[in-house]
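# Secondary and tertiary structure notes
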Amino acid sequence: MRVEFQDLSKQYESGPVILQPMNFSDEVHTLAIIGPSGGGKSTLLRIIGGLIAPTTGRLWVDGEEIEQNESSLQQYRKKIGFVFQQGGLFRHMNARDNIAVPLEQVHGLSHTEACERAMSLLKRFGLQEDWQKKPAALSGGQQQRVAIARAIAAKPGLLLLDEPTSALDPEYTTEVLDVIRELKEEGLRFIIVTHEMGFARHACDKVAFLCQGSLMEYGESARLFDHPETEQLQQFLGKLLEWNLSL
């Protein structure tokens, strides 16, 4: 899936510039967006997902320009799966309904078909025995697996994940990253904002480094981690190595 944007920027009214004007064009298979906090990573992901509008610039996905009006965006969002930092599950619904209800109400599946697809995904992710549980009764890792199941239930062309492990303990982080890696092996295309540098290097084909609202570096994962070109990326990776974080 080709993702392109031209002069894309974001500034909230009377606020700081979140994203400096940037350009990008490449085929996206598995892409990690990394960088220090406040660098604009989540903002860029939400613009690509049609959740917020850019201040300037144009965006194309698979050659189709994404028009910034609500009618066009609603149709575009149906083609995109999105996983938020803490799942964004409906707290009053059980695990099955969190997946099935959007399939019915947004994608037009029958109740029976939606429930069958939801249960199939829960079984695939080892949650078939927990389908009646509401999010509060699930662990953090289980909640994120339900969120991923919901995001892929409609068979999106692109999955976007915004720091899906940021609020998880290490044991749950591992199980969520394992699920994402399995999806990669099945050919699902995704863009992930992550602080898990080992995953970014070894599980993602390419990496984009955002810092101070600018796209500082982009390229093959191994190249960026082994031979960072900008001082900013060298410093960013150097701080991780100082604390012996696995890359």
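Model, not experiment: these values are computed from the prediction.

Definitions and cut-offs
Residues numbered from 1 in each chain as written. Predicted model: local features only at pLDDT ≥ 70, side-chain atom pairs only at ≥ 80, totals over all residues. Heavy atoms only, no water. Helix = DSSP H or I, 4+ residues; strand = E, 2+ residues; numbered from the N terminus. Rg over C-alpha atoms; globule rule 2.2 N^0.38 Å. Buried < 20%, exposed > 50% of the residue type's maximum accessible area, 1.4 Å probe, protein only. Contact = heavy atoms within 4.5 Å. Areas by Shrake-Rupley, 256 points an atom, 1.4 Å probe, with all protein chains shown as cover. Lys, Arg positive; Asp, Glu negative; His and termini not counted. Charge placed at Lys NZ, Arg CZ, Asp CG, Glu CD. Expected span 1.5 Å × (residues − 1). Arc of directions from axis to C-beta. Pairing = 2+ DSSP bridges.

## Notes on the overall build of the chain
For the chain, the count of helices and strands is 9 helices and 10 strands. The C-alpha radius of gyration computed for the chain amounts to 18 Å, which stays within 12% of the reference 18 Å derived for 247 residues, consistent with globular compactness. Dimensions along the principal axes, computed over C-alpha positions, put the chain at roughly 55 × 45 × 35 Å. In the chain, which comprises 247 residues, the proportion classed as buried is 49%. For the chain, contacts bridging at least 24 residues in sequence account for 65% of all contacts bridging at least 6. If you sum the accessible surface of the chain, you get close to 12,000 Å²; carbon and sulfur atoms cover 46% of it. Of the charged side chains in the chain, 25 are positive and 33 negative; the average position of the first set lies 4 Å away from that of the second.

## Notes on helix 6 (residues 170-185)
Here helix 6 is 16 residues long and its end C-alpha atoms lie 23 Å apart, about the 22 Å a rise of 1.5 Å per residue gives. Considered for burial, the residues of helix 6 that qualify are Thr173, Val176, Leu177, Val179, Ile180 and Leu183. The arc that holds every buried residue of helix 6, seen down its axis, measures 150°, which confines them to one face. Turned more than 90 degrees off the buried face of helix 6, the exposed positions are Pro170, Glu171 and Glu185. If you follow the buried residues of helix 6, they end up packed against helix 4 (111-124), helix 5 (140-152), strand 7 (158-162), strand 8 (190-193) and helix 7 (197-203).

## So, the sheet that holds strand 4 (residues 56-61)
Read across the sheet, 4 strands follow the order 2-1-4-5 without closing on themselves; strand pairing throughout is antiparallel. Looking at which strands have only one partner, the edges of the open sheet turn out to be strand 2 (17-27) and strand 5 (64-65). As paired elements, strand 1 (residues 2-11) and strand 2 share 7 bridges and run antiparallel to each other. If you follow glutamate 4 over to strand 2, its bridge partner there is serine 25.

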